[in-house]
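# What the coordinates show
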Amino acid sequence: MSRSPVRVATLTLSDTRTLDDDEGGKLLGELLERAGFTVTSHAVVREEPELLRAAIEQIASAASADAIVTTGGTGIAPRDRTIEALAPLFDKTLDGFGEAFRRLSWDAIGPNAILSRAAAGVVRGLVVIALPGSPKAVELAVAQLIGPVLGHAVALASGKGGHHHDHARRSGDGREGRRG
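Described below are features of the structure shown in this document. On a predicted model such as this, the values are computed, not experimentally measured, just so you know.

## With respect to the sheet that holds strand β3 (residues 67-71)
In space, the six strands of this open sheet follow the order β2-β1-β3-β6-β5-β4, with mixed pairing throughout. Each edge of the open sheet carries a strand with a single partner, namely β2 (38-45) and β4 (92-93). Judged from the five bridges that link them, strand β1 (residues 7-13) and β3 form a sheet pairing that is parallel. Bridging across to β3, T12 finds its partner in T71. Contacts from helix α2 (residues 49-62) reach β1, β2, β3, β5 (119-123) and β6 (126-131) within the one sheet, and its direction differs from that of β1 by about 165°. Packing of helix α4 (residues 95-109) onto the sheet brings it into contact with β4, β5 and β6, and relative to β6 it is tilted by some 30°.

Okay, structure coming up:
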């Protein structure tokens, strides 16, 4: 049985970019497709929390994607409010994503990695990942984190993926998560 590719909607958060000059969004889409995902839509959204929340809700309501990846607005500048906009929407946070991103970024750029607020969580069964706007950050995240993990994360978040506790419960051996 073959699985359908994970469907991903992408959003660029910017007050200055348009679809015509959104190089970061184009790069994100190309990298996701090369990693085996299907990009179902892309939009440029102004860096206003209510506009980002509305875009996320629209994608979730349309059921047109399994995941959403945003780029931009994760720094510490006054207009960077992506995390503040997303945090109230998260049903669950994926703290490990931001931790891993900053760890990998440290190797690439050094101490400036701590200024990134890249984050991920689950919103109404969709995996939502917020990346910095830097093309190098997008490349790093897709190659080393999103590509290898997104399919499994989507399966778990949607309730369609197996979980190690499910097998132990079904087998009745009481050894949840134990190998032996």
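After presenting the structure, the write-up continues.
## Here we look at unusual backbone geometry
With phi around 55°, A63 is a residue other than glycine that occupies positive phi space. Tracing the sequence through the fold places A63 in the loop between α2 and β3. Unusually for a residue other than glycine, R124 sits at a positive phi of about 50°. Take R124: it is sitting in the loop between β5 and β6. Residue class for R124 comes out partly exposed when judged on its relative accessible area of 47%.

Thresholds applied
- Residues numbered from 1 in each chain as written.
- Predicted model: local features only at pLDDT ≥ 70, side-chain atom pairs only at ≥ 80, totals over all residues.
- Heavy atoms only, no water.
- Pairing = 2+ DSSP bridges.
- Helix = DSSP H or I, 4+ residues; strand = E, 2+ residues; numbered from the N terminus.
- Contact = heavy atoms within 4.5 Å.
- Axes fitted to C-alpha atoms, helices over the stretch in contact; angles between N-to-C directions.
- Buried < 20%, exposed > 50% of the residue type's maximum accessible area, 1.4 Å probe, protein only.

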